[in-house]
Amino acid sequence: MNSFLALFPHAWLTRLTPFSVIALIMIGVTNTPRVMASESPASNNIKQVLIFGVVPQQSTAQLAKLWPPILAALSQGANYELQFATAPDIPTFEARLKAGVYDVAYLNPYHYIVFHEFPGYQALAREKNKKLKGIVVVRKDSPIKSLEQLEGKTLAFPAPASFAASVLPRAYLKNAKINVDVKYVGSHDSVYLSVIQGLVDAGGGVQRTFNNLTDTQKQQLNILWKTPEYTPHAIATHPRVSEVHRQALLEQFLKLSTTPAGQVLLSSVDFSAFTAGEDKDWDDIRSLSLGSLSKPLGEK
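Let us look at the structure shown here. (Residues numbered from 1 in each chain as written. Predicted model: local features only at pLDDT ≥ 70, side-chain atom pairs only at ≥ 80, totals over all residues. Heavy atoms only, no water.)

**Details of the layout of surface pockets**
Item 1. Roughly 240 Å³ of volume is contained in the second largest pocket.
Item 2. Together, Val167, Leu168, Ala171, Tyr172, Lys174, Asn175, Trp225, Pro228, Tyr230, Leu288, Leu290 and Leu297 line the second largest pocket.
Item 3. Element by element, the count of residues in the lining of the second largest pocket is highest for helix α7 (residues 163-175), at 6 residues.
Item 4. Classifying every residue of the lining of the second largest pocket gives 10 nonpolar, 1 polar and 1 charged. (1 Å grid on protein atoms, 1.4 Å probe; cavity = no way out; pocket = protein on both sides within 12 Å on 5 of 7 lines; lining within 4 Å. Points joined across faces, edges and corners; volume = space filled by probe spheres on them. Helix = DSSP H or I, 4+ residues; strand = E, 2+ residues; numbered from the N terminus. Nonpolar A, V, L, I, M, F, W, Y, C, P; charged D, E, K, R; others polar.)

**What about the pairing of strand β4 (residues 104-107)?**
Item 1. Both faces of β4 are covered, namely the face carrying Val104 and Tyr106 and the face carrying Ala105 and Leu107.
Item 2. Sheet topology places strand β2 (residues 46-54) next to β4; 3 bridges connect them, and they run parallel. Bridged to phenylalanine 52 within β4 is valine 104.
Item 3. In this structure, β4 lies alongside strand β11 (residues 234-237), joined through 4 bridges in antiparallel fashion. Note that in β11 the partner of alanine 105 across the bridge is alanine 236. (Buried < 20%, exposed > 50% of the residue type's maximum accessible area, 1.4 Å probe, protein only. Pairing = 2+ DSSP bridges.)

**As for the packing of aromatic side chains**
Item 1. One pass over the full model with this rule turns up 12 aromatic pairs.
Item 2. Grouped by ring-pair contacts, the aromatic residues Phe52, Trp67, Tyr106, Phe253, Phe271 and Phe274 constitute a single cluster. (Phe/Tyr/Trp six-rings, centres within 6.5 Å; stacked < 30°, edge-to-face > 60°.)

**Here we look at empty space enclosed by the protein**
Item 1. In total, this model carries 1 cavity of 30 Å³ or more according to the counting rule given.
Item 2. Counted as a void, the largest cavity has a volume near 70 Å³.
Item 3. Taken together, Val55, Gln57, Ile90, Asn108, His111, Ser162, Phe163, Ala164, Ala165, His188, Val206 and His233 form the lining of the largest cavity.
Item 4. Of all the elements, α7 adds the most residues to the lining of the largest cavity, at 3 residues.
Item 5. A per-class count over the lining of the largest cavity returns 6 nonpolar, 6 polar and no charged.

**Regarding the environment of threonine 259**
Item 1. Note that threonine 259 resides in the loop between α11 (243-256) and α12 (260-267).
Item 2. Judged by relative accessible area, which is 35%, threonine 259 ranks as partly exposed.
Item 3. Within the local environment of threonine 259, its side chain forms a polar contact with the backbone nitrogen of glycine 262, the two atoms lying 3.0 Å apart. (Polar contact = N/O pair within 3.5 Å; in protein donor to acceptor, adjacent residues only side chain to side chain.)

**A short note on the sheet that holds strand β8 (residues 181-184)**
Item 1. Taken in spatial order, the 5 strands of this open sheet run β8-β7-β9-β6-β10, and their pairing is mixed. Edge positions in the sheet fall to β8 and β10 (221-226), since each has one partner strand and no second. Each neighbouring strand pair of the sheet contributes to a mean axis angle of 30 degrees, computed without reference to strand direction.
Item 2. The pairing of strand β7 (residues 154-157) with strand β9 (residues 202-206) spans 2 bridges and is parallel. Residue pairing across strands places leucine 155 opposite alanine 202, the latter belonging to β9. (Axes fitted to C-alpha atoms, helices over the stretch in contact; angles between N-to-C directions.)

**What to know about the nonpolar core**
Item 1. Ranked by size, the top nonpolar core spans 63 residues in total, and within it Phe52, Trp67, Leu82, Tyr102, Phe163 and Ile235 carry the most contacts.
Item 2. When neighbours within four sequence positions are excluded, leucine 82 is seen to be in contact with Leu50, Phe52, Leu71, Leu74, Ser75, Val104 and Leu249.
Item 3. If you look at the next biggest cluster of nonpolar residues, it comprises 12 residues, including Val136, Ala202, Leu224 and Trp225. (Core = buried A, V, L, I, M, F, W, Y, C linked by side-chain atoms within 4.5 Å. Contact = heavy atoms within 4.5 Å.)

**With respect to the pairing of β7**
Item 1. Burial along β7 is two-sided: Thr154 and Ala156 facing one way and Leu155 and Phe157 facing the other are all buried.
Item 2. As paired strands, β7 and β8 are joined by 4 bridges and run parallel to one another. When the sheet's bridge partners are listed, threonine 154 is paired in β8 with aspartate 181.
Item 3. With α7 bridging β7 and its parallel neighbour β8, the resulting β-α-β unit is right-handed. (Right-handed = clockwise from strand over helix to strand, strands pointing away.)

**Some words on unusual backbone geometry**
Item 1. Cis geometry is found at the peptide bond from phenylalanine 118 to proline 119, where omega equals 10 degrees.
Item 2. With respect to the helices and strands, proline 119 occurs in the loop between α6 (109-117) and β5 (122-127).
Item 3. In this model, lysine 177 sits at a positive phi of 60 degrees, which is unusual for a non-glycine residue.
Item 4. Inspection of the secondary structure assignment puts lysine 177 in the loop between α7 and β8.
Item 5. Of note, serine 289 is a non-glycine position whose phi angle comes to about 50 degrees, a positive value.
Item 6. Mapped onto the elements, serine 289 comes out in the segment after α13 (283-286).
Item 7. Of the residues examined, serine 289 reaches a relative accessible area of 63% and is grouped as exposed.

**Points about the pattern of salt bridges**
Item 1. Per the counting criterion, the structure on display carries 9 salt bridges.
Item 2. Residues aspartate 103 and arginine 240 are paired through a salt bridge, measuring 2.5 Å at the closest nitrogen-oxygen approach. Separated by 137 residues along the polypeptide, aspartate 103 in the loop between α5 (90-98) and β4 and arginine 240 in the loop between β11 and α11 bring together distant segments of the chain.
Item 3. For aspartate 103, a relative accessible area of 1% gives the class buried.
Item 4. Looking at arginine 240, the relative accessible area reads 23%, which means it is partly exposed.
Item 5. In this structure, glutamate 243 and arginine 246 form a salt bridge, with 3.4 Å as the shortest nitrogen-oxygen distance. Of this pair, glutamate 243 and arginine 246 both sit in helix α11, 3 residues apart, roughly one helical turn.
Item 6. Look at the salt bridges and you will find they share partners, linking Asp279, Asp283 and Arg286 into a network. (Salt bridge = Lys/Arg side-chain N within 4 Å of Asp/Glu carboxyl O.)

Right, dumping it as structure tokens:
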């Protein structure tokens, strides 16, 4: 149990309710399904609690504001209850995926192919008619107008294995022999703020998280460059999640965009609709033959 809770920083644990701490301990010591009584007093139905982990591209506070209403809608009338979870930074999120903390996860395409191998996360859904593009941003008043002008500059990225926001732009810079100093700052939001505040010369993100910035923040940034397009983030389930729950969850994801209320929820995180996902959908990521999470480009 102690080794499991070590994955969770003390400051983060202290903000949890006693029930949440107990739930985390249960995840660490047993694979027994977590269940809760239906909220309806007249019902004897039991709902299984599924921990839904969201990659921390944005701040924990922002994710905790945006995602619970979506998960509540996905749980409405279902035989499960989705419980929101995330991590203070992307490397911690990766450690929790490896430990199998999350029953369901929204994770980047590189994370998906890594954690499909172990502990065996299975593709369930992905955004419909959407491709993932990374971006490099600079301050609006920056004299930098091309990637070549980044030579010798300092760039911020969320984490080594942030696929479109870090791996793709760093790979391009490496192949173009453009030498930069790299700082990993933990999240997309931290990248954008670092650029706005002039702490770095440029930074990597993705179009969706850029779109989620406030108008004031966006007005202070220019998109310098965009990466090629790839299969977007996955919704994936841990092997312990039953096929019954997988199918029920997939149906809820597919239905979400068919109602005005669902469309509003999806637009709050810059989504439009979901479609069923298959493991082979992410073969374009596999074809890149990336290395380890800590050194995906084979850095020394």
